[in-house]
Every structure is written in structure tokens, then in C-alpha cells.
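A closer look at the structure
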Amino acid sequence: PAVESAKRLAAFAAVDRHIGLQHKVIGIGSGSTVPYVVDRIVAQGYQANKDRVFLPTGFQSKELIIKAGLTLGDVDQYARIDVTIDGADEVDNDLNSIKGGGACQLREKVLAEAADTWVIVADYRKNSHILGTTWTQGIPIEVAPFAYAKVLTNLSHMGSPHKLPNGKPGLSLRMGKMKAGPVVSDNGNFIIDAPFPEEMMKDPLDLLHRIKMLTGVVEVGLFCNMAKAAYFGNEDGTVLIRS
Ligand code: DER
């Protein structure tokens, strides 16, 4: 319950601060925090104005918009977005974030870049200093299925370990839980989770560029220099806003 109320606190504060009557095109991210964003949007009556549209960042996000009775917009029709609000798996001192825990980072990054304002909402567990400290599963990387084995080799040569210091698996193809075989993204691609040593995670932009250049990589779950602000709900009921 502490984490859920922290998510709700962050989401409500971000909606109250960044969504107003003048905002007509709003991007809705993915994960378990954004449902509280949608709850607040509905509570504020923002769905009443029919010329306000909401763009999804994947299947889950689309269902969330539809079920809330919000007007679903098509990203093909709205290339410019007023504000996108999304979750994150970990956020560092400079508001760089690891995203892709939900395997939605390609569409999330498209709507993040297309937005005039991109805002992160998260519970206190995501508020970190150096990426990779709390989210130890690795950087989620969406890859074309045809290229996944080669990209795994490239990432290993770049320094991603096959085993974490605690003995847990490191560099790996993300496998389904209740599905035989690998996780398949909304775009029909695979996800590789690639941890890197702390030294390399201290410069996420350099790591992002190096990984993105590997042929077969579709998108990298490092969002650098993109967030205008990050809202963290705390266990004590306060909200920390970093910008
Ligand atoms: O996959 C993502 O990037 C999602 O935004 C997700 O990881 C956010 O995490 P949450 O479920 O804690 O909100």
C-alpha cells in the first residue's frame, strides 16, 4: 500500500501541475503508475472536452484510455503533443531514466520526444543517483528478432556481464513468464536486458549512443536529457519534485 499511495501521490501532483484546460493533445505512458494519472485526469473532468485527445504508448496504455472514456487519439494524426506523462524504472540525479520494464520504450520514447513537455511519475523506489543502482535487471533494449543473437554478442563485448555480482542472470533475452519463448513487444520485437558496470552507467548518454548504433537495435531504454520534471511519491505522504 505504501508504494501504491506513493504512485498515486506522484501522478496526482503531476497532472495538477502539468495538465490544464489549454492542453489538447496528451500522451499517456505505460506501467503501473500511469493508471493514477488517468484517474486524476478523469477526476478533474478533462475528458469532458471532446477536442482533447489522449495518445497511447502501447496496448496497455490504449486500453487504459478507452476504459476511462477518454478520447483516443492517433499518433499519426497528432505528431506534436502538448504533454506526455510516463513512469520510469529508475531516475538519476540528472533526470536521466531507465525505461522499458514494461517493454514499451519504443512508443514511449516517440511520444516523449514528440511532446513539448515530458514528465516522469514514480514512487520513491525509482528515485536514484546513478542508473543501475536500484534497477539492476539491466537496460531494456528492443531488438529486431533477426538480430538478437548478434546484439547479445555485441553487448557482451561492450562489457555487459552474463551474471550479476549477486549471481542472478545478467545480459539476457527477456523470456515470457506465462508464455513459452521470448517476450514480444507491441511492435513484434524482442527485448534484451543488459546490465553494465556502474562506471559505464555514470554516462548514460554515451552508453545510449553506443548501444543505439548496434545494427538490429530498435530502441534503448535510456531516456537522457528528456524529462522536464520528475515527481516521486514518498512513503511519508509527501511528493518530491525534481526538475
Ligand atoms: O516500461 C516502462 O518504461 C514503464 O514506464 C514502467 O517501467 C514504469 O514503471 P511503473 O510500473 O513502476 O510505473
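Residues numbered from 1 in each chain as written. Predicted model: local features only at pLDDT ≥ 70, side-chain atom pairs only at ≥ 80, totals over all residues. Heavy atoms only, no water.

The name recorded for the protein chain in an unreviewed UniProt entry is Ribose-5-phosphate isomerase, from Kwoniella mangroviensis CBS 10435. UniProt annotates the protein chain under Catalytic activity (unreviewed entry) with the comment "aldehydo-D-ribose 5-phosphate = D-ribulose 5-phosphate". (UniProt positions renumbered as here; feature names shortened; annotations may be inferred.)

1. As for unusual backbone geometry
Backbone phi values are negative for most residues with the exception of glycine, while trans is the configuration of most peptide bonds. Here L95, not a glycine, exhibits a phi torsion of approximately 65°, which is positive. Structurally, the position occupied by L95 is in the loop between β4 (90-91) and β5 (97-98). For A103, which is not glycine, the phi torsion reads 65° and is therefore positive. (Helix = DSSP H or I, 4+ residues; strand = E, 2+ residues; numbered from the N terminus.)

2. Brief notes about the pattern of salt bridges
Evaluation of the coordinates by the stated rule reveals 14 salt bridges. Between R125 and D123 there is a salt bridge, with its nearest N and O atoms 2.7 Å apart. Residue class for D123 comes out buried when judged on its relative accessible area of 0%. In this structure, D193 and R174 form a salt bridge, with 2.7 Å as the shortest nitrogen-oxygen distance. Of this pair, D193 sits in strand β9 (residues 190-194) while R174 sits in the loop between β8 (172-173) and β9, and the two are 19 residues apart along the sequence. Accessibility classification places D193 together with R174 in one group, the buried group. Through salt bridges with shared partners, one network takes in K7, D123 and R125. (Salt bridge = Lys/Arg side-chain N within 4 Å of Asp/Glu carboxyl O. Buried < 20%, exposed > 50% of the residue type's maximum accessible area, 1.4 Å probe, protein only.)

3. Brief notes about the side chain of Q105
Within the element layout of this structure, Q105 appears in helix α4 (residues 105-113). Judged by its relative accessible area of 0%, Q105 falls in the buried class. From its side chain, Q105 meets the backbone oxygen of P140 in a polar contact 3.1 Å long. Sequence-distant contacts of Q105, defined by excluding residues within four places in its chain, comprise K99, G100, P140, I141, E142, I191, E219, V220, G221 and F223. (Polar contact = N/O pair within 3.5 Å; in protein donor to acceptor, adjacent residues only side chain to side chain. Contact = heavy atoms within 4.5 Å.)

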